[in-house]
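# Report on the structure
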Amino acid sequence: MSAGVDSVAVVEGATVRYRTVVALDRVSLGFPAGVTALLGPNGAGKSTLLSLLSTARTPDEGSVTLLGEQGRGRARVRRLRERIGVLPQAFGYHPRFTVEEFVTYAAWLRNVPAGDRAGRVADALALVDMTAYRDRRMRELSGGMLRRVGIAQAVVNQPELVLLDEPTVGLDPAQRVGFRELIERLGERSAVVLSTHLAEDVAHVCDRVSVLLAGRVRFTGTVGELCALAGAGKVDGTGVEAGYLHLAGGAGDPEPGEVGR
Amino acid sequence: MIRVLWCEMRRGEAGKVGPLMGLIGALYLLLEDRTESDWIGWWADTGIVVQLFGVIVMGSVMAATATWTASRGQRDRTRPWTDTAARGGWSQALLIWASVWLWTLLAYAVHVVIAFGRTAGVSDEFAPVWEPLLLGAAMSALQIAVGVVVGTLLPSRLMAPVVGAVWYALFVAAAFAPGSGIGRFAPAVDEHWAGSLVPDTALMLSSAAWCLAAAVAVLAVPALVRRPVVSPRPWGVVPVAVVALLAAGALVTLPEKATPWAAAAPQPEDPPCATTGRTTACLWPANRHLLPRLERAVADVDRALGPLEGFNRRLDEQWLDPGPVAGEAGEFAVMTPDVGVRRLSQDLLAAAMPRPPEGCEREGSKAAGGLPDDFLLAAVVHHRAQAPFDYYGEEFAAAVEKVVTAPRAEQDKWIGKAVDSVRGCAPLPGLPR
């Protein structure tokens, strides 16, 4: 799928260069409602694409339309950011803050109106099942809990577009299953872009998938369509892996459950 | 905003450093010996001392703390999501700055209460001088703002101590280069005003305005420099920058008055004075609390001088203009607001000594052991008044002894001639045999 009219976010012909390295090469993609996976190996350009979607940077060439607006100009960027949630790959936090304070701080950063802030924080914590831990210091949380708080801070402004960069990395299997359910719930209320290289995640929670290889879009479609590329009959992690490897064509042997290391 | 600010205050490093600085400052002010202090009892100097500690010590440390807190984005790896926040970099910087500054102001307020309390215990009046305090608060705001900016732009662990040390060094440099103008833009008022000086209000308010406006304006710099962060609204930054520039212009153009920060106090119409016999001494109104001690000291001096002629019988505190007075007037300085009667008597006696005419160079005399011979006259008078005088060696002591062991009438005669000699810029008469 390229720039679709129903898409929450549309990237058209976007090229991003880091000095001599081309991180994204004329990428055109649309992100509709639901959960869309960005699948690809490290260095494929997934995080760069997310930085365009989060308005952290603008493309050197091409355009990005988010929620119907192009992200240029201070006021427009600010307005867009109020409607976007971001969970970066390396999610940092202030260890001395309590969970509630931290999410409140995130709500303030995202311009949630002061009168709504307490309610939004409570909703976000409830969504990620962290209400019981709201008074716990951030430094006392497990990796899985931290990821949940990361989601909470990303959704506290009730964003229309949520960008999740490798949210399940480092989680144990049980946590990962719980997380997938959480992402599915998010997908019911927002457009979610999930950057990952975990095939299982893609198979279980994503409606659509785009495969990035060396800064270019190699595939975009439903998860079932990706699995079908390699002739996989089932839509599961193995099917996603097979489809991905079919596209990557000798990009390397993936580790079990992962693609394109 | 209040809740987020309160959270920031509780969780930021300033929440620990601020109270610590408050405690250190409180001890510094409480441990000051009242009888030796050069500020306890003078409202203006009390404000100056609080300001000076607040800026040089606390301000530098809190600026370092602000640098550390502002660099946490890098340390805690929160930048990837704080940089993409709708709230701009200026707001984020203002939040950290406000949290650190509020802690500083809290500690500052404690210092003010302690210092004012101590001064109220000595002074008869309640007359706080607010300008130095305002200037100190404003300067600490600028120090902390610079700390936030450095911490945001150069988020290294090393930068916090560097910022603190640089601020401290800047104040030292300003003190060593009083005419350089650094002091007006980085004010740390280190002066003694006692009662004879009053704040140069226009200058101090201009400097405070500069500090506050520059603080707020400089906090916008990281948001202007760092690309992913939402930049500040121009109508927010520009007015503040204009105020800073106007204040800076005023600082450049305002002339210096009596001292870098003070103007001469207007001469009082009715200064507190004490008179005994032929001797009168007057104080600046700020020292009115010393009047009972002054009365006793004046009585001591009048008794010591007795019927002797030629001494200054009208004594005024430094810079106090006695107007037209009969006879010669002397000047004395009050160095500590809680000065005792004994010390006051000594100072009055020294002020009562005759002075050689302007341009007269007193040379050392053999009789005075090589010292200027008006020292000898002063030593003799002090000895007669049983007041201590500096010891200048055996030869000098022997000369004093020779005068004071002579019969009283002969002493008086020698003193009378000596007074005339000093006033006439002539050598002292020979010692009594």
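Residue and element names in this part refer to chain A. Each assigned domain of chain A is listed here: domain 1 (1-83 + 161-261) and domain 2 (98-158). The C-alpha-based centres of domain 1 and domain 2 are spaced at 25 Å. With 18 residues of domain 1 in contact, the opposing surface of domain 2 contributes 14 residues. Each partner contributes to the roughly 1,300 Å² buried at the junction of domain 1 and domain 2, and carbon and sulfur atoms together form 58% of this total. The interface formed by domain 1 and domain 2 contains 0 salt bridges.

A separate point is a nonpolar patch on the surface. A cluster of nonpolar side chains, B:Leu20, B:Leu23, B:Ile24, B:Leu27 and B:Leu31, forms an exposed patch at the surface whose accessible area comes to about 490 Å². Along the chain, B:Leu20 turns up in helix H2 (residues 14-30).

Here the focus is the interface of chain A and chain B. In this assembly, 33 residues from chain A lie in contact with 32 residues from chain B. For the pair chain A and chain B, the two sides together bury roughly 3,000 Å², of which 55% comes from carbon and sulfur. A:Glu101 is the partner of B:Arg11 in a salt bridge, and the nearest nitrogen-oxygen pair spans 2.6 Å. In this structure, the connection of chain A to chain B is made through 16 residue pairs in polar contact (both at pLDDT 80 or more). Looking at the side of chain A that touches chain B, the elements that each hand over two or more residues are helix H2 (74-81), helix H3 (99-109) and helix H4 (114-127) of chain A. Here the residues of the side of chain A that touches chain B sort into 15 nonpolar, 7 polar and 11 charged.

Let us now look at the state of the cysteines. Residue and element names in this part refer to chain B. Enumeration over the complete set of coordinates arrives at 2 disulfides over all chains. Here Cys-273 is linked by a disulfide to Cys-282, with a sulfur-sulfur distance of 1.9 Å. Here the disulfide of Cys-273 and Cys-282 is right-handed, its torsion about the S-S bond being about 110°. Cys-282 sits in the buried class, given a relative accessible area of 0%. One disulfide in the model links Cys-360 with Cys-425; its S-S distance is 1.9 Å. In this structure, the disulfide formed by Cys-360 and Cys-425 twists by about 90° around the S-S bond and is classed as right-handed. One end of the pair, Cys-360, is in the loop between helix H14 (341-352) and helix H15 (373-384); the other, Cys-425, is in the segment after helix H17 (408-423), with 65 residues separating them in the sequence. By relative accessible area, Cys-360 is classed as buried at 17%. Overall, Cys-425 belongs to the partly exposed group, its relative accessible area being 34%. In chain B, numbering the disulfide-bonded cysteines from first to last in sequence yields the connectivity 1-2, 3-4.

To continue, consider the nonpolar core. Residue and element names in this part refer to chain B. Grouped together as the largest cluster of nonpolar side chains are 139 residues, with contacts concentrated most on Trp-97 and Trp-193. At 15 residues, the largest contribution of residues to this core is made by helix H6 (residues 89-120). Excluding anything up to four places from it in sequence, Trp-97 contacts Ala-141, Ile-144, Ala-145, Val-148, Ala-215, Val-216 and Leu-219. If you look at the next biggest cluster of nonpolar residues, it comprises 46 residues, including Phe-332, Met-353, Leu-376 and Ala-418.

Let us now look at the side chain of B:Gln51. Residue and element names in this part refer to chain B. Within the fold, Gln-51 resides in helix H3 (residues 43-70). By relative accessible area, which is 0% here, Gln-51 ends up buried. Within the structure, the side chain of Gln-51 is placed 2.9 Å from the backbone oxygen of Ile-48, a separation counted as a polar contact. At a separation of 2.7 Å, a polar atom in the side chain of Gln-51 contacts the main-chain amide nitrogen of Val-189.

What follows is about the packing of aromatic side chains. Scanning the entire structure with this criterion turns up 12 aromatic pairs over all chains. Against the face of B:Trp68 rests B:Arg75, its NZ or CZ located 4.0 Å from the ring centre.

Conventions used here
- Residues numbered from 1 in each chain as written.
- Chains lettered and ligands numbered in written order.
- Predicted model: local features only at pLDDT ≥ 70, side-chain atom pairs only at ≥ 80, totals over all residues.
- Heavy atoms only, no water.
- Domains from an automatic or database assignment.
- Contact = heavy atoms within 4.5 Å.
- Buried area = accessible area lost by both parts, 1.4 Å probe.
- Salt bridge = Lys/Arg side-chain N within 4 Å of Asp/Glu carboxyl O.
- Patch = residues over 30% accessible without salt bridge, like charges linked within 9 Å, V, L, I, M, F, W, Y side chains within 5 Å.
- Areas by Shrake-Rupley, 256 points an atom, 1.4 Å probe, with all protein chains shown as cover.
- Helix = DSSP H or I, 4+ residues; strand = E, 2+ residues; numbered from the N terminus.
- Polar contact = N/O pair within 3.5 Å; in protein donor to acceptor, adjacent residues only side chain to side chain.
- Nonpolar A, V, L, I, M, F, W, Y, C, P; charged D, E, K, R; others polar.
- Disulfide = S-S within 2.5 Å.
- Buried < 20%, exposed > 50% of the residue type's maximum accessible area, 1.4 Å probe, protein only.
- Core = buried A, V, L, I, M, F, W, Y, C linked by side-chain atoms within 4.5 Å.
- Phe/Tyr/Trp six-rings, centres within 6.5 Å; stacked < 30°, edge-to-face > 60°.
- Lys NZ or Arg CZ within 6 Å of the ring centre and 35° of its normal.

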